[in-house]
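# Reading the structure
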Amino acid sequence: QGGAPTLDRIRVQFGGQVAAIVDGCSDTDIIPKPPWRHRKKAYIEHLRCAPEAVLRVSAADKLNNLRAVVRDYDDIGEALWLDSTRMPTKSGTTAPRSGYSTRDCPGH
């Protein structure tokens, strides 16, 4: 978030290598953001040729996001999937409500 001005501040404060990783882990700097599915498909395609440092940080971010979803599911259960708004959870995050249920997933 923050686009080019934020990336410039990161470059000044942390250096070009960190700024390159942050840029490589960003799905867009276009405002308003393009539709979610388009951004994510383009991001995944971009990762095919991304430097190892970008892959590591991106993977760590995805793992952190997954852990947050698991914590939120433990806090609020199936309510996590009710609708497309966000709701506060006990862990202090806001959980997306996607409209999906684990009942729709194989094995549940």
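Here, the structure is the one placed above.
An account of the accompanying structure is given in this report. As the structure is a prediction and not an experimental result, all values here were calculated from the model. Every chain's residues receive numbers from 1 upward, in the order its sequence appears when written. Only residues with pLDDT of at least 70 get local features here, since the model is predicted, and only at 80 or more are side-chain atom pairs given and counted; chain-wide, interface and lining totals rely on the full set of residues. The side-chain numbers reported here are obtained from all heavy atoms of the structure, hydrogens and water having been left aside.

Right, let's talk about the packing of helix H1 (residues 3–14) against helix H2 (residues 16–24) for a bit. Running from N to C, H1 and H2 point in directions that differ by 150°, and their axes come no closer than 7 Å. Read as a crossing pair, H1 and H2 show a hand that is right-handed. Every residue of H2 that contacts H1 at Leu7, Ile10, Arg11 and Phe14 is listed here: Gly16, Val18, Ala19, Val22 and Asp23. Residue type decides the class: Asp, Glu, Lys and Arg count as charged, Ala, Val, Leu, Ile, Met, Phe, Trp, Tyr, Cys and Pro as nonpolar, and the leftover types, Gly among them, as polar. Its residues assigned to classes, the contact of H1 with H2 shows six nonpolar, one polar and two charged. To get an axis, fit a line to the C-alpha atoms, keeping to the stretch in contact for a helix; angles then go from 0 to 180 degrees between the N-to-C directions. Strands are runs of DSSP state E lasting at least two residues, helices are runs of H or I lasting at least four, and both sets are numbered from the N terminus onward. In this scheme, a crossing is called left-handed if the near helix is turned counterclockwise away from the far one by less than a right angle; it is called right-handed if the turn is clockwise. When checking whether two residues touch, look at their non-hydrogen atoms; a contact exists if any pair is within 4.5 Å.

Attention now goes to helix H4 (residues 52–76). For H4, which comprises 25 residues, the first-to-last C-alpha distance of 36 Å matches the rise-based estimate of 36 Å (1.5 Å per residue) to within 8%. A simple rule labels every residue: compare its accessible area, found with a 1.4 Å probe on the protein chains alone, to the largest value its type can have, and call it buried under 20%, exposed over 50%, or partly exposed in between. For H4, the full list of buried residues reads Val54, Ser58, Ala68 and Asp72. Residue Gly77 follows H4 closely and has a positive phi angle near 65°. To estimate the expected span of a helix, subtract one from its residue number and multiply by 1.5 Å.

Its 12 residues place the ends of H1 16 Å apart at the C-alpha level, agreeing with the 16 Å of an ideal helix rising 1.5 Å per residue. The set of residues buried in H1 consists of Thr6, Leu7 and Ile10. Buried residues of H1 fall within an arc of 100° about the axis and therefore sit on the same side. For H1, the exposed residues lying more than 90 degrees away from the buried face are Arg9 and Val12. Structurally, H1 contributes buried residues whose contacts are with H2. Looking at the residues trailing H1, positive phi occurs at Gly15, about 100°. Directions from the helix axis toward the C-beta atoms define the arc.

It is worth spelling out the environment of Ile31 at this point. Positionally, Ile31 belongs in the loop between H2 and helix H3 (36–47). With 29 residues separating them along the chain, Ile31 and Gly2 place their C-alpha atoms 9.5 Å apart.

Moving on, we come to the side chain of Ser58. If you trace the backbone, Ser58 turns up in helix H4. Beyond its immediate chain neighbours, meaning those up to four positions away, Ser58 contacts Cys25, Tyr43 and Leu47.

Turning next to the pattern of salt bridges. The working definition used for a salt bridge is a side-chain nitrogen of Lys or Arg within 4 Å of a carboxyl oxygen of Asp or Glu. Considering all chains together, one arrives at six salt bridges under this definition. We note a salt bridge from Asp8 to Arg11, for which the minimum N-O separation is 3.1 Å. In this pair, Asp8 and Arg11 both sit in helix H1, three residues apart, roughly one turn of the helix. The residue Lys40 makes a salt bridge to Asp27 at a minimum N-O spacing of 2.7 Å. On the criterion of sequence distance, the pair formed by Lys40 in helix H3 and Asp27 in the loop between H2 and H3 is long-range, its members being 13 residues apart. By relative accessible area, which is 26% here, Lys40 ends up partly exposed. Each of Asp27, Arg39 and Lys40 takes part in one network of salt bridges that share partners.

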